[in-house]
Amino acid sequence: MSVDAADEEIVDAEIVEDGELVRAAPAPRPLVNEHTVLMPGESIPTSEDPRTTYTERDLYVSEETAQALKEAKEEGSPQRRTAMGLFEAWCAAQGRVAEPCTTATYTEYGRHLMARGLKVTTIRHYMSLIRTSMPPGKKPDNSLFLLLLTQYRKKNKRALRRKEAFPITLPYLVPMMEKAETDDRSIGWRDSAMFAFGYRFLGRSVEDVDLELEDVTILDDRVLVWLAEDKTHKGEEQTLVLHDRPDLNLVFRLRRWVGYLAEQGITTGPMFREVLRSGKVASPETRARRGATKRGAYLRPQTVNERVKLWFAAAGLKTDGRPVSSHSLRAGGATDLGMNGATDEELEEAGRWKKGSRIPRERYVRPTKDANKDPFKKVPVHNPEAQAQE
């Protein structure tokens, strides 16, 4: 080999220290994934392209934003907190990380709920709440869990059964309100107003307890309720007109409770609040000292549930086997409407269901009508003595 030839072969070599390993520089690689969008004429980005340089200022949020995010997370829905609390306890017992969890942990917890024999709707709801509670970009893949759930549905037909709340219609509601007012003056006033409102408002319990005094206008024969939004109408404000009726006495009961709050200097904020044994309305500070820090002055939806069960039993009322809950107020109003000729459109509007929803008819009206149907009534009663006389 000539000197000239040797020089040509090493002209592009890198000069290194003796013993160093020489590696060729890696070729530029495309920086794309399934979410990459390029404009016409734009080249595919590679690892050689200049990168944006971020500083600490681009990465940190302010103290105010951090506090707001913390409060938003703490004030999540009661169902979300319950689902995450149970999940975190299970993860702790299993020695697993709860947040952010891996896909394997998420899938295993889903199978754990199935092993407990829970309803399909309950399992799906809890797992959805857990998944959406994970930090952005770190949600587990739910495809394996859904595969297991499909098999669970096939093998556990009982897990598909829904147990609807017993509808508290007016024949049940009125005795409950009267019993509450007779037995307990201050709390009874609150509960009877809350029950009358819940029935006529056809609201979910969380909507009832989130109601604020500023959003309610009490007139002589009706109550106006302003809603910024609800579960069905996100970002749509509404003003609902709740007409009063003699058996419900909504106006009287709400005025009496609102007046009681005003006597204690409360004219803004939550309408339905905790009442102490002394008859005084609990302040946010009092509730905080007792550990009720999540909702401040607002009642928990679970409180409505507890009060409905209490006064239903206290009034000596019985069900047909279906459970009594706060949802019974919404179910009762819908059932009364449907059993007395309300159209599908009227039911949907009254309960703020989606247009075309089958829920009010199929869950609240049809079961009651079907329960009263008996085709065997057409068959004459067998009476041998009467036949013998003929």
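The residue numbering used here restarts from 1 in each chain and proceeds along that chain's sequence as written. Only residues with pLDDT of at least 70 get local features here, since the model is predicted, and only at 80 or more are side-chain atom pairs given and counted; chain-wide, interface and lining totals rely on the full set of residues. Note: side-chain values were computed over all heavy atoms of the structure, leaving out hydrogens and water.

Caption draft 1: Molecular detail of the overall build of the protein. Only DSSP runs of H or I reaching four residues or more are called helices, and only runs of E reaching two or more are called strands; each is numbered from the N terminus. Helix and strand counts for the protein stand at 17 helices and 3 strands. A 1.4 Å probe rolled over the protein chains alone gives each residue an accessible area, and that area as a share of the maximum for its type sets the label: buried under 20%, exposed over 50%, partly exposed in between. Taken over 390 residues, the protein has a buried fraction of 34%. Working rule for contacts: check all heavy atoms of both residues, and any pair within 4.5 Å makes them a contact. Sequence-distant contacts, at least 24 apart, represent 59% of the contacts inside the protein between residues at least 6 apart. In short, Shrake-Rupley with a 1.4 Å probe defines the accessible areas, and a residue's cover is counted only from the protein chains shown. Within the structure as shown, the protein displays about 25200 Å² of accessible surface, and the carbon and sulfur contribution to it stands at 51%.

Caption draft 2: Here's a closer look at helix α7 (residues 143-155). The end-to-end C-alpha distance of α7, which contains 13 residues, comes to 19 Å, matching closely the 18 Å that a straight helix rising 1.5 Å per residue would cover. Among all positions in α7, only F145, L149 and Y152 are buried. Buried residues in α7, looked at end-on, bunch into an arc of 60 degrees, giving them a common side. In α7, the exposed positions that point more than 90 degrees away from the buried face belong to L147, K154 and K155. To estimate how far a helix should reach, multiply one less than its number of residues by 1.5 Å. Throughout, the arc means that of the directions going from the helix axis to the C-beta atoms.

Caption draft 3: Fine view of the nonpolar core. Think of a nonpolar core as a cluster: buried Ala, Val, Leu, Ile, Met, Phe, Trp, Tyr and Cys residues, connected wherever their side-chain atoms sit within 4.5 Å. Counting residues in hydrophobic clusters, the biggest one holds 47 residues, and the most contacted among them are W257 and F272. Only α8 (170-183), α9 (185-201), β1 (216-218), β2 (222-227), β3 (238-243), α11 (250-263) and α13 (301-314) provide two or more residues apiece to this core. Of the residues forming this core, the biggest block, 9 residues, is contributed by α9. Discounting chain neighbours no more than four positions away, the residues touching F272 are R190, A193, M194, F197, D208, L211, L254, W257, A297 and L299.

Caption draft 4: Representation of α8. Look at α8: 20 Å from first C-alpha to last across 14 residues, which is about the 20 Å you get at 1.5 Å a residue. As for α8, its buried residues are in contact with α9, α11, α13 and α14 (327-339).

Caption draft 5: Region of the structure containing the confidence of the model for the protein. Considering every residue of the protein, the mean pLDDT works out to 83; 83% of them sit at 70 or more. A score between 0 and 100, pLDDT records how confident the predictor is in each residue. Across residues 1-16, where pLDDT falls below 50, the model places 3 contacts with residues more than four positions away in sequence or in other chains.

Caption draft 6: A look at the packing of α14 against helix α15 (residues 344-351). Their axes nearest at 10 Å, the elements α14 and α15 cross at an angle of 160 degrees. Between α14 and α15, the crossing angle belongs to the class labelled roughly antiparallel. Considering only the axes of α14 and α15, their crossing is right-handed. In this structure, α14 uses R330, A334, L337 and G338 to contact α15, whose residues at the interface are L347, A350 and G351. Considered class by class, the residues forming the contact of α14 with α15 number 4 nonpolar, 2 polar and 1 charged. Fitted lines through C-alpha atoms serve as axes, helices being fitted only where they are in contact, and the angles separating the N-to-C directions of these axes extend from 0 to 180 degrees. Any angle between 65 and 115 degrees counts as roughly perpendicular, while under 35 counts as roughly parallel, over 145 as roughly antiparallel, and the rest as oblique. Handedness of a crossing is defined here by the sense of rotation of the near helix relative to the far one, left-handed for an anticlockwise turn of less than a right angle and right-handed for a clockwise turn. Ten residue types, Ala, Val, Leu, Ile, Met, Phe, Trp, Tyr, Cys and Pro, are classed as nonpolar, four, Asp, Glu, Lys and Arg, as charged, and the remainder, Gly among them, as polar.

Caption draft 7: Structural detail: the pairing of β3. Every second residue of β3 is oriented toward a common face, the buried set being Q238, L240 and L242 and the non-buried set T239, V241 and H243. Alignment of β2 against β3, held across 6 bridges, turns out to be antiparallel. Within β3, the residue paired with L227 across the bridge is Q238. Strands are labelled as partners when DSSP assigns at least two bridges between them.

Caption draft 8: Spatial organisation of the layout of surface pockets. A pocket here means an open set of points on a 1 Å grid, computed over the protein atoms alone, that has protein on both sides within 12 Å along at least five of seven lines. A cavity is instead a set of points where a 1.4 Å probe fits but cannot get out; residues with an atom within 4 Å of a point line either one. Grid points are joined across faces, edges and corners, and a volume is the space filled by probe spheres set on the points. As a volume, the second largest pocket reaches approximately 530 Å³. As for the second largest pocket, its lining consists of 22 residues, of which R200, L202, L337, E346 and A350 are closest to the centre. Counting residues per element, the ones that place at least two in the lining of the second largest pocket are α9, β3, α14 and α15.

Caption draft 9: Local environment of a positive patch on the surface. Like charges are joined within 9 Å and nonpolar side chains (Val, Leu, Ile, Met, Phe, Trp, Tyr) within 5 Å, but only among residues with over 30% relative accessible area and no salt bridge; these make up the patches. By definition, a salt bridge exists where a carboxyl oxygen of Asp or Glu is found within 4 Å of a side-chain nitrogen of Lys or Arg. Note that His is not counted, nor are the chain ends; the positive residues are Lys and Arg, and the negative ones are Asp and Glu. In plain terms, the charge of a residue is placed at NZ if it is Lys, CZ if Arg, CG if Asp and CD if Glu. On the surface, R124, R153, K154 and K157 cluster together into a positively charged patch. Structurally, the position occupied by R153 is in helix α7.

Caption draft 10: Representation of the pairing of β2 within the structure. Of the two faces of β2, only the one carrying V223, V225 and L227 is buried; R222, L224 and W226 on the other face are not. Pairing geometry for β1 and β2, over 3 bridges, is antiparallel. Following the sheet pairing, T217 is matched in β2 by L224. Once β1 ends, the chain turns through 3 residues before running back antiparallel as β2.

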